[in-house]
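The lines below spell out each chain.
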Amino acid sequence: MYGRSFHFDPGALCLELLPTGGAERYPQFESLHEPADLRVWVAESRLGAGLEVTVDESELAAAHALRAALWSLAEARARGGALDPGPLAVVNAAAAEPPLAARLLPDGTRAWSEGATASGLLSTVARDAIELFTGPYAHRIRVCGADNCLLVFVDTSRAGRRRWCSMERCGNRNKVRTHRAKN
């Protein structure tokens, strides 16, 4: 049985890949079983609809490897730990590939160049991770404060004290638990 689908904005493209699961660590949440599943993720990501990406089995395996590396690096950043060379090598290798190419349309909107590949997608995601992990919000990568939530997000709040992946989900649950404990 599957639970309700939950979507939240983690604040960065690279972190959007994490809730798709993790065969090694979070197999119960795995949603990238076949190449078509990665295409579904693309359509639901901040890259938006209109991006047609070709994906084969080897590229899906590369997506799994990149996701595992991003889990490791994001959790290390959130806890203030050192970044492991193995995951760093995976991210750097993906980032070295040519990224997706965007183009500007006459009406001022963005479109994607045709012929997009999963390796270009993974390069774009890896480059986003490098920007995040080296940028001004690197120290604001957080793991949700709920005991039963593993989601990772970037705290872009003004005060920098966000604790929950989503106030509507984990924040509200915590408030309810606190209220019930007082009564």
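Refer to the structure above for everything that follows.
Residues numbered from 1 in each chain as written. Predicted model: local features only at pLDDT ≥ 70, side-chain atom pairs only at ≥ 80, totals over all residues. Heavy atoms only, no water.

Novice: When you look at the overall build of the protein chain in this model, what are you seeing that I'm missing?
Specialist: When you go through the protein chain residue by residue, the secondary structure sums to 6 helices and 6 strands. In the protein chain, the succession of α and β elements from N to C terminus is α-α-β-α-α-β-β-β-α-β-β-α. Burial analysis of the protein chain (183 residues in total) assigns 40% to the buried set. Carbon and sulfur atoms make up 53% of the accessible area of the protein chain, which totals about 10,600 Å². (Helix = DSSP H or I, 4+ residues; strand = E, 2+ residues; numbered from the N terminus. Buried < 20%, exposed > 50% of the residue type's maximum accessible area, 1.4 Å probe, protein only. Areas by Shrake-Rupley, 256 points an atom, 1.4 Å probe, with all protein chains shown as cover.)

Novice: How should I be thinking about helix α2 (residues 35-44) in this particular structure?
Specialist: Considered for burial, the residues of α2 that qualify are P35, L38, W41 and V42. Within α2, the buried residues cover an arc of 110° as seen down the axis, which keeps them to one side. On its buried side, α2 packs onto α1 (13-16), β1 (53-54), α3 (57-78) and α5 (118-134). (Arc of directions from axis to C-beta. Contact = heavy atoms within 4.5 Å.)

Novice: Looking at this structure, how should I read the pattern of salt bridges?
Specialist: Counted according to the given criterion, the structure contains 4 salt bridges. The partner of R46 in a salt bridge is D9, with the nearest N and O atoms 2.5 Å apart. With R46 in the loop between α2 and β1 and D9 in the segment before α1, the pair connects residues that are 37 residues apart, well separated along the chain. Among the charged side chains, a network of salt bridges with common partners joins D9, E16 and R46. (Salt bridge = Lys/Arg side-chain N within 4 Å of Asp/Glu carboxyl O.)

Novice: Looking at this model, I keep getting lost on the state of the cysteines. Mind explaining?
Specialist: Here a disulfide denotes a covalent bond joining the sulfur atom of one cysteine to the sulfur atom of another. Per the stated rule, a full pass over the model turns up 0 disulfides. For C149, which is in no disulfide, the shortest distance to another cysteine sulfur is to C144 and amounts to 3.8 Å. (Disulfide = S-S within 2.5 Å.)

Novice: Whenever I open this one, helix α4 (residues 85-95) confuses me. Can you help?
Specialist: An α-helix turns once per 3.6 residues; consequently, residues spaced three or four apart project the same way. Listed in full, the buried residues belonging to α4 are P87, V91, A94 and A95. Looking down the long axis of α4, one finds its buried residues gathered within 105° of arc, a one-sided arrangement. Of the surrounding secondary structure, the elements contacted by the buried residues of α4 are α3 and α5.

Novice: It is not clear to me how the packing of α4 against α5 should be interpreted in this structure. Could you clarify?
Specialist: The interhelical angle for the contact between α4 and α5, taken along N-to-C directions, is 125°, at an axis separation of 7 Å. The angle between α4 and α5 falls in the class oblique. Pair α4 / α5 crosses with left-handed handedness. Across the interface between the two elements, V91, N92, A94 and A95 of α4 pack against L122, S123, A126, R127, A129 and I130 of α5. Considered class by class, the residues forming the contact of α4 with α5 number 7 nonpolar, 2 polar and 1 charged. (Axes fitted to C-alpha atoms, helices over the stretch in contact; angles between N-to-C directions. Parallel < 35°, antiparallel > 145°, perpendicular 65-115°, else oblique. Left-handed = near helix turned anticlockwise from the far one by under 90°. Nonpolar A, V, L, I, M, F, W, Y, C, P; charged D, E, K, R; others polar.)

Novice: How should I be thinking about the nonpolar core in this particular structure?
Specialist: A general feature of soluble globular proteins is that nonpolar side chains tend to end up buried together. Counting 40 residues, the largest nonpolar core has L15, L38, W41, L70 and V125 as its most contacted members. Within the residue set of this core, elements represented by two or more residues are α1, α2, α3, α4, α5 and β6 (152-154). Listed in part, the 9 residues of the second largest apolar core include F8, A146, C149 and L151. (Core = buried A, V, L, I, M, F, W, Y, C linked by side-chain atoms within 4.5 Å.)

Novice: Before we go on, may I ask you to explain the side chain of E59 in this structure?
Specialist: Relative to the helices and strands, E59 resides in helix α3. No salt bridge is formed by the buried E59, whose closest oppositely charged neighbour, R39, lies at an N-O distance of 7.5 Å. Residues contacting E59, with those up to four places away along its chain left out, are T54, T117, A118, S119 and L122. (Lys, Arg positive; Asp, Glu negative; His and termini not counted.)

Novice: Would you explain the environment of S45 in this entry?
Specialist: Within the secondary structure, S45 sits in the loop between α2 and β1. Residue class for S45 comes out buried when judged on its relative accessible area of 7%. For S45 and L17, which are 28 residues apart along the polypeptide, the C-alpha to C-alpha distance reads 8.4 Å. Setting aside its immediate chain neighbours within four residues, S45 contacts L13 and E16.

Novice: Help me understand the packing of α2 against α5, please; the structure alone is not making it clear to me.
Specialist: Each pair of packed helices can be summarised by the angle the axes make with each other and by the distance between the axes. Running from amino to carboxyl end, α2 crosses α5 at an angle of 45°, the nearest separation of the two axes being 12 Å. One way to sum up the angle between α2 and α5 is to call them oblique. For the element pair α2 and α5, the recorded crossing hand is left-handed. On α5, the residues touching L38, W41 and V42 of α2 are A118, L121 and V125. Within the contact of α2 with α5, the residues separate by chemical class into 6 nonpolar, no polar and no charged.

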